[in-house]
Amino acid sequence: MPGTVRAVFQGGGNYTCVVTDIDGKPYLYRYNFYNVVDSGNLAASGTRSVIDLSGCTDIQNARLFASNTAGYAFYYATANAVYSFSASSGASTGNTIYTCLPGEEVTAIYAWGSAGGGWPTSSCCLWVAVWDSNKQEGKLIQYEVDVNYGVATSVFGPMFGAPDNPVITTGWGRIVDMTCIDAE
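The sections below set out a description of the structure shown in this document. Predicted model, so just to flag it, every value in this text is computed and none were measured.

Okay, the overall build of the protein next. Per the secondary structure count, the protein includes 0 helices and 12 strands. A buried classification covers 44% of the 184 residues belonging to the protein. Long-range contacts, defined here as pairs at least 24 residues apart, represent 51% of the contacts in the protein between residues at least 6 apart. Carbon together with sulfur atoms contributes 51% to the accessible area of the protein, which is approximately 9,200 Å² in total.

This is the structure in structure tokens:
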């Protein structure tokens, strides 16, 4: 890989995605190692195999990254905000998902699920964990997101009794990592 690798994750289409800095500029490289013959070109999808991420707000300060295999969006977090980027939409900028209130800090993010999970909601949940140093309390924010565009949406939530997007629960300690052992 050229440059300094910042993150490696599996994304939509079972593509291996790599966020790297080359000469101070962020890029997303997408590779297809799944079910292909190595002919020396493992590029994921033509011109969208290498994407300039310079239009993504504060990506140079990203500390956390998350994605799932159900869609082409990925998520990244700085200390005080969470953003998304859609690798399939042709976008050159990202989307702001959450901005911290004074005293808050993003401590973890997790994109739940994968393609073919069975449950209609198994791929569209994004969890954001926030620690409020003023209140000494953690908060878990659950978004329903469009997995290809990385934006909040409300398709399934109302069907399952969640009238708001996001759903916010408080009273947690400091959440530093998340996983779901039964996503499918």
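Of note, the phi angle at Asp23 is positive, near 55 degrees, even though the residue is not glycine. The residue Asp23 is located in the loop between strand E2 (15–22) and strand E3 (25–31) in this model. Residue class for Asp23 comes out exposed when judged on its relative accessible area of 80%. One non-glycine residue with positive phi stands out, namely Asp58, at about 55 degrees. Of the residues examined, Asp58 reaches a relative accessible area of 32% and is grouped as partly exposed.

Here we have 4 strands laid out as an open sheet, ordered E5-E6-E7-E8, and antiparallel in their pairing. If you trace the sheet from one side to the other, it starts and ends with strand E5 (64–67) and strand E8 (95–99), each paired once. On average, each strand axis in the sheet is inclined to that of its neighbour by 20 degrees, with strand direction left out of account. Where strand E6 (residues 73–77) lies against strand E7 (residues 81–86), 5 bridges are found, and the strand directions are antiparallel.

Before going further, it helps to spend a moment on the environment of Ser154. As for its position among the elements, Ser154 is in the loop between strand E11 (137–144) and strand E12 (167–172). Under the relative-accessibility criterion, Ser154 is labelled partly exposed at 45%. Separated by 11 residues in the primary sequence, Ser154 and Asn165 place their C-alpha atoms 6.7 Å from one another. If we skip the residues at most four places from it in the chain, Ser154 touches Glu144 and Asn165.

Let us now look at the sheet that holds strand E4 (residues 50–52). What holds strands together in a sheet is hydrogen bonding between their backbones, with the strands either parallel or antiparallel. Read across the open sheet, the 4 strands follow the order E1-E2-E3-E4; overall the sheet is antiparallel. The sheet is open, and its two edges are formed by strand E1 (4–11) and E4, each paired on a single side. Going across the sheet, the axis of each strand differs from the next one's by a mean of 20 degrees, ignoring polarity. Two strands pair when backbone bridges link them, and E3 and E4 are joined in this way by 3 bridges, in the antiparallel orientation. Its bridge partner lying in E4, Tyr27 is registered against Asp52.

Criteria and thresholds
- Residues numbered from 1 in each chain as written.
- Predicted model: local features only at pLDDT ≥ 70, side-chain atom pairs only at ≥ 80, totals over all residues.
- Heavy atoms only, no water.
- Helix = DSSP H or I, 4+ residues; strand = E, 2+ residues; numbered from the N terminus.
- Buried < 20%, exposed > 50% of the residue type's maximum accessible area, 1.4 Å probe, protein only.
- Contact = heavy atoms within 4.5 Å.
- Areas by Shrake-Rupley, 256 points an atom, 1.4 Å probe, with all protein chains shown as cover.
- Pairing = 2+ DSSP bridges.
- Axes fitted to C-alpha atoms, helices over the stretch in contact; angles between N-to-C directions.

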